[in-house]
Amino acid sequence: MTALNPTFAKLGVRDEIVRALSEDGKEHTFAIQELTLPLALKGDDLIGQARTGMGKTLAFGVPLLQKISTDTERPLTGAPRALVVVPTRELCLQVSSDLAAAGKYLTVGDRKLSVVSIYGGRAYEPQIEALRAGADVVVGTPGRLLDLTQQGHLQIGGISVLVLDEADEMLDLGFLPDIERILRQIPETRQSMLFSATMPDPIITLARSFMNQPTHIRAESPQSSAVHTTTDQFAYRAHALDKVELVSRVLQARNRGATMIFTRTKRTAQKVADELAERGFKVGAVHGDLNQGAREKALKAFRTGEIDVLVATDVAARGIDIDDVTHVINYQIPEDEQAYVHRIGRTGRAGKTGVAITLVDWDELARWELIDKALGLGHPDPAETYSSSPHLYEELDIPKDATGTVGPAKTPKTAKRPPRDSAEKQSRPRTRSRRRTRGGKPVTGHPDTEKAAANGKPATNSDTDAETAADGDKPARRRRRRRPRKAAAAAAAN
DNA sequence: AAAAAAT
């Protein structure tokens, strides 16, 4: 698929960038990159849309680097020429790291082209110092960008290329005022590029109001699903009290690599992470109640394979790119169809296979129906499933002897009581018909054939196993918030 | 109604 696309070199990308990408094994373009490059180099405003994990960062990153590094009329001076705005701090780190990697052989005078990340939750001084030393490309989150602008440490009056990554999120109500403030300080003659997998029509209209005749580029036809055809999607009805037990069994699936579990609230994310740790899983958490150091530490441990389960709020739903994520579990259903698309887009990236499992509680059913309908998933009323359901084991390739606990049970100091064992009391092992979809269309083939197909290309993370063995299985540190007894009990029932 | 994002 991608091998049929032209190489970066063939499209006229300068040798320094080609060489850097090539060292990362990136020779050929993805569709969105091929389509974007000529227009972006011409200076056109763009709205770029491609499915999750299909190369959007380099679709704006390569032309951005090429453009500012070859502009003889406005050579780089160390004053920022390109600004990339992103919705989360972790995505800020990832994007700036990707741009720095692609630009590592580019030079400005006798120094290297500089990509600086500007985001909250960290000390000011290193960021201010990095700006002072000369920043050609700035990647940042809105709050800290504005902060440093107001303090006079960041000059964005010379920006000629502006990118909004996850643009629909950046233009959503929570971010819009900040984005407008940033736009006011950037020259009107700038080039603007907006990218996301999801671009609701009202957002496109809003975007056009501050862009200059943008071209809307879609790497896929507008009719095609926003979700990868390589990701198998399952939905089950599950009682809240049974979800941790259910998840711990799903985590023992034979075909499972790294797994991301999404919740709707920070508190539930922490609770699930704590309970899975007690059950012996190598798990970390990322959500807004953790300090930035803890967030980055957990994500790094997940990237390196030191832990293979990450529980997160939607802070990690967008953009985060981790190679070997084979399973995404929606522990609580997402807010809307965009969030669903982005969450499950953490797996099945770049043509790999993935499994997405959504657990639908009774009181989530109405909202799930809306998401199911909007995306045409085809299972508005998922069959009820218990953690010990034999059919579940078969469908998700879980060994028969899988239980709710692995290894020696961890008993962190936060544990006040043994893990709940609700499954045995509540389960009635009875199976009902359930549907599955692949790429939005119901799949009707024989289950065994289906599974064989899914397993034909096993998603393995063996390439990272070796380097992770050394560090042992120390789970990422996490804390539990103190709550009065009554509140804690209510939360446990939640 | 929640999460994110400045302190």
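Residues numbered from 1 in each chain as written. Chains lettered and ligands numbered in written order. Predicted model: local features only at pLDDT ≥ 70, side-chain atom pairs only at ≥ 80, totals over all residues. Heavy atoms only, no water.

**Some details on the protein's contact with DNA strand B**
Here is step 1 of the chain: Every one of the 24 residues lining DNA strand B counts as a neighbour, but Gly120, Arg144, Lys266, Gly288 and Glu335 are closest to it.
Here is step 2 of the chain: Expressed as a percentage, the sugar and phosphate content of the atoms of DNA strand B within 4 Å of the protein is 75%.
Here is step 3 of the chain: Take Gly120: an N or O atom from its main chain is 2.8 Å from a phosphate oxygen of DNA strand B.
Here is step 4 of the chain: Considering every element that reaches the surface near DNA strand B, the biggest residue donor is helix α6 (residues 142-150), with five residues.
Here is step 5 of the chain: Here the residues of the surface near DNA strand B sort into six nonpolar, eleven polar and seven charged. (Near = heavy atom within 4 Å. Polar contact = N/O pair within 3.5 Å; in protein donor to acceptor, adjacent residues only side chain to side chain. Helix = DSSP H or I, 4+ residues; strand = E, 2+ residues; numbered from the N terminus. Nonpolar A, V, L, I, M, F, W, Y, C, P; charged D, E, K, R; others polar.)

**Things to note about the pairing of strand β6 (residues 137-140)**
Here is step 1 of the chain: Residues of β6 alternate between two faces, with Val137 and Val139 on one and Val138 and Gly140 on the opposite face, all of them buried.
Here is step 2 of the chain: Judged from the four bridges that link them, strand β2 (residues 82-85) and β6 form a sheet pairing that is parallel. Each residue of the ladder has a partner; that of Val85, found in β6, is Gly140.
Here is step 3 of the chain: Looking at chain direction, strand β5 (residues 115-118) and β6 are connected through four bridges and run parallel. From the neighbouring strand, Ile118 faces β6, where its bridge partner is Gly140. (Buried < 20%, exposed > 50% of the residue type's maximum accessible area, 1.4 Å probe, protein only. Pairing = 2+ DSSP bridges.)

**Topic: helix α3 (residues 56-70)**
Here is step 1 of the chain: With 15 residues, α3 ought to run about 21 Å at 1.5 Å a step, and its terminal C-alpha atoms sit 22 Å apart, in line with that.
Here is step 2 of the chain: Of all 15 residues that make up α3, twelve are buried, and the element is covered over most of its length.
Here is step 3 of the chain: Among all positions of α3, only Lys56, Thr57, Leu58, Ala59, Phe60, Gly61, Val62, Pro63, Leu64, Leu65, Gln66 and Ile68 are buried. (Expected span 1.5 Å × (residues − 1).)

**Some details on the confidence of the model for chain A**
Here is step 1 of the chain: Counting all residues, the mean pLDDT for chain A is 83, and 81% of those residues have values of 70 or more.
Here is step 2 of the chain: Note on residues 411-494: pLDDT under 50 across the span, and 131 contacts to partners over four residues away in sequence or across chains. (pLDDT = per-residue confidence, 0-100. Contact = heavy atoms within 4.5 Å.)

**Some thoughts on the side chain of Thr198**
Here is step 1 of the chain: Mapping Thr198 onto the fold places it in the loop between β8 (191-196) and α9 (201-210).
Here is step 2 of the chain: In this structure, Thr198 is in contact with Gln49, Asp168, Arg318, Gln338, Val341 and His342, ignoring residues within four places of it in sequence.

**Quick word on the environment of Lys297**
Here is step 1 of the chain: Its location among the elements puts Lys297 in helix α12 (residues 292-304).
Here is step 2 of the chain: The exposure class assigned to Lys297 is partly exposed, which follows from its relative accessible area of 45%.

**Observations regarding the UniProt feature "domain: Helicase C-terminal" (unreviewed entry) in chain A**
Here is step 1 of the chain: Under the UniProt annotation, "domain: Helicase C-terminal" (unreviewed entry) lies at residues 245-391.
Here is step 2 of the chain: With 36% helix and 18% strand, residues 245-391 has its two end C-alpha atoms placed 16 Å apart. (UniProt positions renumbered as here; feature names shortened; annotations may be inferred.)

**Comments concerning the packing of helix α2 (residues 31-42) against α3**
Here is step 1 of the chain: Between α2 and α3, the least distance of the axes is 9 Å, while the angle of their chain directions is 30°. As judged from the angle between their axes, α2 and α3 are roughly parallel. α3 is crossed by α2, and the crossing has right-handed handedness. Residues Ile32, Gln33, Thr36, Leu37, Ala40 and Leu41 of α2 form the contact with α3, whose own contacting residues are Lys56, Leu58, Ala59, Val62, Pro63, Gln66 and Lys67.
Here is step 2 of the chain: Looking at side-chain class alone, the contact of α2 with α3 contains eight nonpolar, three polar and two charged residues. (Axes fitted to C-alpha atoms, helices over the stretch in contact; angles between N-to-C directions. Parallel < 35°, antiparallel > 145°, perpendicular 65-115°, else oblique. Left-handed = near helix turned anticlockwise from the far one by under 90°.)

**Brief notes about the sheet that holds strand β1 (residues 46-49)**
Here is step 1 of the chain: Sheet architecture is open: seven strands sit in the order β5-β6-β2-β7-β8-β1-β9, paired in parallel fashion. Here the strands that pair on one side only, and so sit at the sheet edges, are β5 and β9 (215-218). Here the strands of the sheet are splayed against their neighbours by 15° on average, with no regard to which way each runs.
Here is step 2 of the chain: Across the sheet, helix α4 (residues 89-102) lies against β2, β5, β6 and β7 (161-165), angled at about 180° from β5, the strand it touches most.

**With respect to the UniProt feature "domain: Helicase ATP-binding" (unreviewed entry) in chain A**
Here is step 1 of the chain: The feature "domain: Helicase ATP-binding" (unreviewed entry), as given by UniProt, occupies residues 37-217 in the numbering adopted here.
Here is step 2 of the chain: Its end C-alpha atoms 11 Å apart, residues 37-217 is made of 42% helix and 19% strand.

**Considerations on the pattern of salt bridges**
Here is step 1 of the chain: Tallied over the entire structure, the rule returns 23 salt bridges.
Here is step 2 of the chain: Of the charged contacts, one joins Lys42 and Asp44 as a salt bridge, the two residues approaching to 3.5 Å between their closest N and O atoms.
Here is step 3 of the chain: Taken together, the salt bridges that share partners define one network made up of Glu166, Asp168, Glu169 and Arg318. (Salt bridge = Lys/Arg side-chain N within 4 Å of Asp/Glu carboxyl O.)

**Some details on the domain arrangement of chain A**
Here is step 1 of the chain: One can read the domain layout of chain A as domain 1 (2-218) and domain 2 (231-481).
Here is step 2 of the chain: Of the residues lining the interface, 21 residues belong to domain 1; the matching set on domain 2 comes to 19 residues.
Here is step 3 of the chain: Taken together, both faces of the contact between domain 1 and domain 2 bury some 1600 Å²; the carbon and sulfur share is 52%.
Here is step 4 of the chain: Among the residues domain 1 hides against domain 2, the three largest losses belong to Thr52, Glu90 and Gln94. Together they make up 36% of the total.
Here is step 5 of the chain: At the junction of domain 1 with domain 2, the criterion picks out five salt bridges.
Here is step 6 of the chain: Where Arg318 meets Glu166, a salt bridge forms, and the shortest distance between an N and an O atom there is 2.8 Å.
Here is step 7 of the chain: Where domain 1 packs against domain 2, one counts 13 residue pairs in polar contact (both at pLDDT 80 or more).
Here is step 8 of the chain: Residue assignment for the side of domain 1 that touches domain 2 shows that the elements contributing at least two residues are α4 and α7 (167-170).
Here is step 9 of the chain: The element contributing the most residues to the side of domain 1 that touches domain 2 is α4, with five residues.
Here is step 10 of the chain: Residues of the side of domain 1 that touches domain 2, tallied by class, amount to seven nonpolar, eight polar and six charged. (Domains from an automatic or database assignment. Buried area = accessible area lost by both parts, 1.4 Å probe.)

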